[in-house]
Amino acid sequence: MILTVNLSSQLLAINDFVLDKGVVVVRTASGNVATSFVAFSSACPHAGATINFVKSSSTFNCSAHGSNFSIDGSVTNGPASSALQKKTVEIDGTNLNVK
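Summarised in this report is the structure supplied together with it. (Residues numbered from 1 in each chain as written. Predicted model: local features only at pLDDT ≥ 70, side-chain atom pairs only at ≥ 80, totals over all residues. Heavy atoms only, no water.)

**A look at the overall build of the protein**
Per the secondary structure count, the protein includes 0 helices and 10 strands. What you see for the protein is a C-alpha radius of gyration of 13 Å, in line with the 13 Å of a compact globule of 99 residues. Projected onto its principal axes, the C-alpha coordinates of the protein cover approximately 40 × 25 × 20 Å. Split into buried and exposed, the 99 residues of the protein put 34% on the buried side. Residue pairs at least 24 apart in sequence account for 39% of intrachain contacts in the protein once pairs closer than 6 positions are excluded. (Helix = DSSP H or I, 4+ residues; strand = E, 2+ residues; numbered from the N terminus. Rg over C-alpha atoms; globule rule 2.2 N^0.38 Å. Buried < 20%, exposed > 50% of the residue type's maximum accessible area, 1.4 Å probe, protein only. Contact = heavy atoms within 4.5 Å.)

See the structure below:
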């Protein structure tokens with residue numbers, strides 16, 4: 001397991017996110033089910049810089065070289081040529097686990 005998030009105190013609203021331990025997790029829908037969240041490696045596939053989540057546009061951005069990614073991790077603007085590395089989300093009670 002890479003990261004555990006307590007859903008009683010974090011990721012309460014849509015577009016809330018956690019960036020920790022090399023992973024970014026975003027709530028994309030209501031409800032505490034795995035499909036209400038996305039999780040990706042926070043390393044940009046272009047050169048490994050840390051990506052950020054932009055709440056206002058629900059996108060990911062790499063400030064190092066300007067790559068942008070949609071909420072599903074796909075590239076919308078290079079220089080990155082591959083998608084963000086998706087991680088597995090599992091829900092266990094009030095805990096969200098990223099693997």
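**Points about the packing of aromatic side chains**
The geometry of an aromatic ring pair comes down to the distance between the two centres and the angle between the two planes. Taken as a whole and assessed by the stated rule, the structure comprises 3 aromatic pairs. Taking 5.4 Å as the distance between ring centres and 75° as the angle between the ring planes, the aromatic pair formed by F40 and F60 counts as edge-to-face. Taken together, the residues span a long stretch of sequence, with F40 in strand 4 (residues 37-41) and F60 in strand 6 (residues 59-61) at a distance of 20 residues. Summarising the burial analysis for this pair, F40 and F60 share the class buried. Ring pairs connect the aromatic residues F17, F40, F53 and F60, which therefore count as one cluster. (Phe/Tyr/Trp six-rings, centres within 6.5 Å; stacked < 30°, edge-to-face > 60°.)

**Some thoughts on the sheet that holds strand 10 (residues 95-98)**
With antiparallel pairing, the 3 strands of this open sheet are ordered in space as 1-10-9. Bordering the open sheet on either side are strand 1 (3-6) and strand 9 (89-92), each of which pairs with just one other strand. For this sheet, the mean inter-axis angle between neighbouring strands, taken without regard to orientation, is 25°. (Pairing = 2+ DSSP bridges. Axes fitted to C-alpha atoms, helices over the stretch in contact; angles between N-to-C directions.)

**Focus on the sheet that holds strand 2 (residues 17-20)**
Across the sheet, 3 strands lie side by side as 2-3-4; this open sheet has antiparallel pairing. Looking at the sheet topology across the chains shown, the edges are occupied by strand 2 and strand 4. The average undirected angle you get between the axes of adjacent strands in this sheet is 10°.

**Topic: the pairing of strand 9**
Residues in a regular strand point their side chains to alternate faces of the sheet. Across 4 bridges, the pairing between strand 9 and strand 10 is antiparallel. Residue pairing for strand 10: E90 is matched across the bridge by N97. What sits between strand 9 and strand 10 in their antiparallel hairpin is a turn of 2 residues, with G93 showing a positive phi close to 65°.

**A word on the side chain of S42**
Tracing the chain through its elements places S42 in the loop between strand 4 and strand 5 (52-54). For S42, the residues in contact, after removing those within four places along its chain, are L19, G22, V23, V24, A49, T50 and I51.

Function cannot be inferred from these measures alone, as they are strictly geometric.
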